[in-house]
Amino acid sequence: MLMLPGVAMAQSDPHAGHHMTPGMTMPKPAPKPVAKVKPKPKPKAPAGHPAQHAQSVSPTLAPVRENAKSEPVPTTEPMDPTMPMAGMDMTTPAEPTKVAPGAPPAPAEAPLMHHDMPEMTGMESMSHAGHHVMKSAFGLYPGNRDASGTSWQPDLSPHYGLHGEHGGWDLMLHGTVNVVYDNQSGPRGGEKAFVLGHIMGSAARDLSARDRLQLRVAVTPDPFMGPRGYPLLFATGETADGRTQLIDRQHPHDLISELSVSLSHRFTDRLSSYLFYGEVGDPAFGPPAYIHRLSIQDDPEAPISHHWLDSMHGTQGVITGGLVLGNIKVEASTFRGREPDQHRYDIEAPKFDSFAARVSWNPTATLALQASYAFQRSPEQVTPDQNQRRYSASAIYTRSVGAIGYWSTTFAWGRRIDIEPGVSSDALDAFVLESAIHPNDRWTFFGRGERVDNDELLPAAGSFHGTVFTVGKVSAGAIRDIQLVTHLKIGLGALGSRTFVPQGLNGAYGGDRWSGEVFIRFKLD
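What you see is a predicted model, and the numbers here were worked out from it, not measured in a lab. Residues take numbers from 1 onward in each chain, read along the sequence in its written order. Given that the model is predicted, a residue must reach a pLDDT of at least 70 before its local features are reported, and side-chain atom pairs must reach 80 or more before they are shown or counted; all residues, however, enter totals for whole chains, interfaces and linings. The basis for every side-chain value is the complete set of heavy atoms in the structure, and neither hydrogens nor water enter the calculation.

A. A look at empty space enclosed by the protein. The distinction between a cavity and a pocket rests on a 1 Å grid over the protein atoms alone: a 1.4 Å probe fits inside a cavity but cannot get out, while a pocket stays open yet meets protein on both sides within 12 Å along at least five of seven lines, and a residue with an atom within 4 Å of a point counts as lining. Grid points are joined across faces, edges and corners, and a volume is the space filled by probe spheres set on the points. Applying the stated criterion to the full structure yields 13 cavities of 30 Å³ or more. Empty space within the largest cavity amounts to approximately 830 Å³. For the largest cavity, the lining is made up of 50 residues, of which H174, H198, I291, H292 and Q297 are closest to its centre. Runs of H or I in DSSP of at least four residues are treated as helices and runs of E of at least two as strands, each being numbered from the N terminus. Those elements that place two or more of their residues in the lining of the largest cavity are β4 (169–184), β5 (190–206), β6 (211–219) and β21 (513–524). If one sorts the elements of the lining of the largest cavity by residue count, β5 sits on top with six residues. The residue inventory of the lining of the largest cavity, partitioned by class, reads 17 nonpolar, 24 polar and nine charged. In this structure, the second largest cavity spans a volume of roughly 150 Å³. For the second largest cavity, the lining is made up of 21 residues, of which H253, S311, G314, T315 and P340 are closest to its centre. Put simply, Ala, Val, Leu, Ile, Met, Phe, Trp, Tyr, Cys and Pro go in the nonpolar bin, Asp, Glu, Lys and Arg in the charged bin, and everything else, Gly too, in the polar bin. Taken together, the residues of the lining of the second largest cavity break down into five nonpolar, ten polar and six charged.

Shown next as structure tokens:
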């Protein structure tokens with residue numbers, strides 16, 4: 001029963017308050033006015049604060065009575081309050097509790113809630129500036145846990161963008177577009193002005209009390225920068241012409257960066273499964289793609305560890321199936337091993353010749369852990385006979401800062417081992433530590449450090465591989481956002497980086513180098 005603060009239960013029962021024994025008479029009490037107690041409104045938490053997610057949506061969602069609003073309420077005829085009833089305690093009705101001026105209201109009993117998914121505790125109705133909590137498309141947990149593909153991030157991670165509902169569909173649109181000037185110094189550097197970013201939309205709906213469908217599409221302006229991408233010291237991977245590999249360049253991504261559909265099914269309050277198909281999408285490997293990781297998504301520059309951790313995020317043809325039990329998820333994928341070619345405006349035919357598996361665990365609302373493995377067949381177009389084994393593990397920590405801010409940090413490790421007939425290859429490791437702090441709605445500060453083993457920076461004659469060099473890089477930057485119009489921000493940003501060149505590469509790079517970027521960002525919010 002829902003009770004008003006300070007009002008005793010006896011007020012709602014006309015027979016309470018008088019205990020009668022047989023043979024005993026009692027005068028009819030005079031009617032006594034009962035003051036109406038108006039509950040004070042609950043204080044609102046600061047709009048947009050990630051802590052609202054932890055208070056409103058627990059990682060372990062409590063079950064709710066499914067029949068709470070369908071049970072009929074029995075009715076009876078009015079009864080004389082003086083009628084003796086054996087066994088009833090009829091004490092004097094309690095006086096309303098007096099509350100001192102300015103004192104907080106007494107706690108009230110929480111009402112029962114009912115939704116199509118009874119385990120959800122009202123998350124679909126929450127919307128506030130910069131943050132929105134939605135149902136997940138993959139299981140019984142907060143939708144803020146979902147990142148790129150089927151990967152997980154901490155539950156306290158905000159989802160920026162526009163959110164709405166139409167005709168039973170939950171709709172989302174988010175995106176950023178960066179106009180960048182890049183200058184990489186030294187004999188292997190260069191400069192370039194270009195546009196990059198991503199725009200993603202999704203639509204999800206419940207098909208029944210246990211089944212949920214999601215459609216998702218994302219596009220990027222990357223192809224407009226040209227097939228050679230942009231200068232980035234120590235970056236390697238993919239090709240601009242189908243014959244030579246890109247070195248010290250970051251390749252552009254394909255125009256369509258995701259085109260996927262997923263269906264999830266709930267078995268119990270804690271167990272669910274899902275099936276994900278992406279004509280373009282992410283297999284079950286690695287942490288969330290860098291453009292979706294809260295710890296570095298404000299940095300427009302790709303990591304030099306991209307092809308160790310998350311280069312499969314634009315895979316053209318992927319099927320993933322997974323089981324979610326509470327805060328643990330186990331999933332596996334089959335996908336096209338070959339990474340996209342130099343034609344950035346098309347979608348290549350799916351070919352399910354590779355395999356990946358990932359275990360994810362969110363032990364708290366602030367922490368997301370994963371470990372994964374992949375066998376990738378013929379990933380590089382210029383070395384078609386070479387396969388790869390990949391391993392990764394990562395930890396992401398996100399917490400709230402101030403009224404509406406956050407601090408997010410990722411530590412990740414990735415390993416690549418090339419598999420080629422008659423060739424013994426070294427294990428190539430990459431380590432990444434990155435962090436971003438967003439203290440208010442105006443400023444974001446970010447930084448990243450990387451250490452990578454790479455055998456493609458100085459290829460041997462007649463080969464695409466050579467000596468393994470361990471290279472390092474640190475970068476830091478900031479962006480200042482301004483609300484341009486409703487739901488659109490413009491940000492002015494800059495970053496600087498320092499590359500650490502080993503002795504064997506001094507002749508090629510001219511020693512350690514300073515580089516940097518300045519950029520203007522447009523962001524839906």
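B. Region of interest: the pattern of salt bridges. We define a salt bridge as a side-chain nitrogen of Lys or Arg found within 4 Å of a carboxyl oxygen belonging to Asp or Glu. Applying the stated criterion across every chain, the model contains 24 salt bridges. Two residues, E258 and R216, come together in a salt bridge whose shortest N-O distance is 2.9 Å. Of the two residues, E258 is situated in strand β9 (residues 256–266) and R216 in strand β6; the sequence distance between them amounts to 42 residues. Relative accessibility decides the category of a residue: with a 1.4 Å probe and only protein chains considered, values under 20% of the type maximum give buried, values over 50% give exposed, and everything between is partly exposed. On the basis of relative accessibility, which here comes to 3%, the residue E258 falls in the buried class. Residue R216 is classed as buried on the basis of its relative accessible area, which comes to 9%. A salt bridge links R448 to E450, with the nearest nitrogen and oxygen atoms 3.6 Å apart.

C. Broad picture of the side chain of D206. Here D206 lies in strand β5. Classification of D206 as buried rests on a relative accessible area of 18%.

D. Spatial organisation of the pairing of β21. Paired strands, as defined in this entry, are two strands with at least two bridges between them according to DSSP. Bridge count between β4 and β21: nine bridges; the pairing is antiparallel. Note on β21: the bridge partner recorded for N178 is R521. Pairing geometry for strand β20 (residues 488–500) and β21, over twelve bridges, is antiparallel. If you follow G493 over to β21, its bridge partner there is F519.

E. Representation of the packing of aromatic side chains within the structure. Aromatic rings from Phe, Tyr and Trp, taking only the six-membered ring of Trp, are treated as a pair when their centres fall within 6.5 Å; an angle between ring planes under 30 degrees marks them as stacked, one over 60 as edge-to-face, and anything in between as tilted. Within the structure shown, the criterion is met by nine aromatic pairs. Judged by centre distance (5.1 Å) and plane angle (65 degrees), the ring pair of F234 and Y509 falls under edge-to-face. Taken together, the positions of F234 in strand β7 (residues 230–239) and Y509 in helix α3 (residues 506–509) put the pair 275 residues apart, joining distant regions of the chain. Its relative accessible area of 1% is what places F234 among the buried residues. Between Y397 and W407, the ring centres sit 6.0 Å apart and the planes meet at 80 degrees, which makes this aromatic pair edge-to-face. Of the two residues, Y397 is situated in strand β15 (residues 387–401) and W407 in strand β16 (residues 405–419); the sequence distance between them amounts to ten residues. Residue classification places Y397 among the partly exposed positions, given a relative accessible area of 32%. Residue classification places W407 among the partly exposed positions, given a relative accessible area of 34%. Working rule: Lys NZ or Arg CZ, within 6 Å of ring centre, within 35 degrees of ring normal, means a charge sits over the ring. Positioned over the ring face of W152 is R145, at 4.7 Å from the centre of the ring.

F. Broad picture of unusual backbone geometry. Positioned with a positive phi, F234 is a non-glycine residue whose angle comes to about 75 degrees. Unlike most non-glycine residues, D248 shows phi in positive territory, near 60 degrees. Along the chain, the position of D248 falls in strand β8 (residues 245–250).

G. Structural view of the nonpolar core. Of all hydrophobic cores here, the largest spans 15 residues; its most connected members are F194, Y230, F446 and F519. Secondary-structure elements contributing two or more residues to this core are β5 and β7. The greatest single-element share of this core, amounting to three residues, is contributed by β7. Among residues more than four places away in sequence, those in contact with Y230 are D182, K192, F194, L196, M225, D248, R249, Q250, P300, E301, A302 and E517. The criterion is simple. A nonpolar core is a set of buried Ala, Val, Leu, Ile, Met, Phe, Trp, Tyr and Cys residues joined through side-chain atoms within 4.5 Å. By definition in these notes, contact holds between two residues if any of their heavy atoms fall within 4.5 Å.

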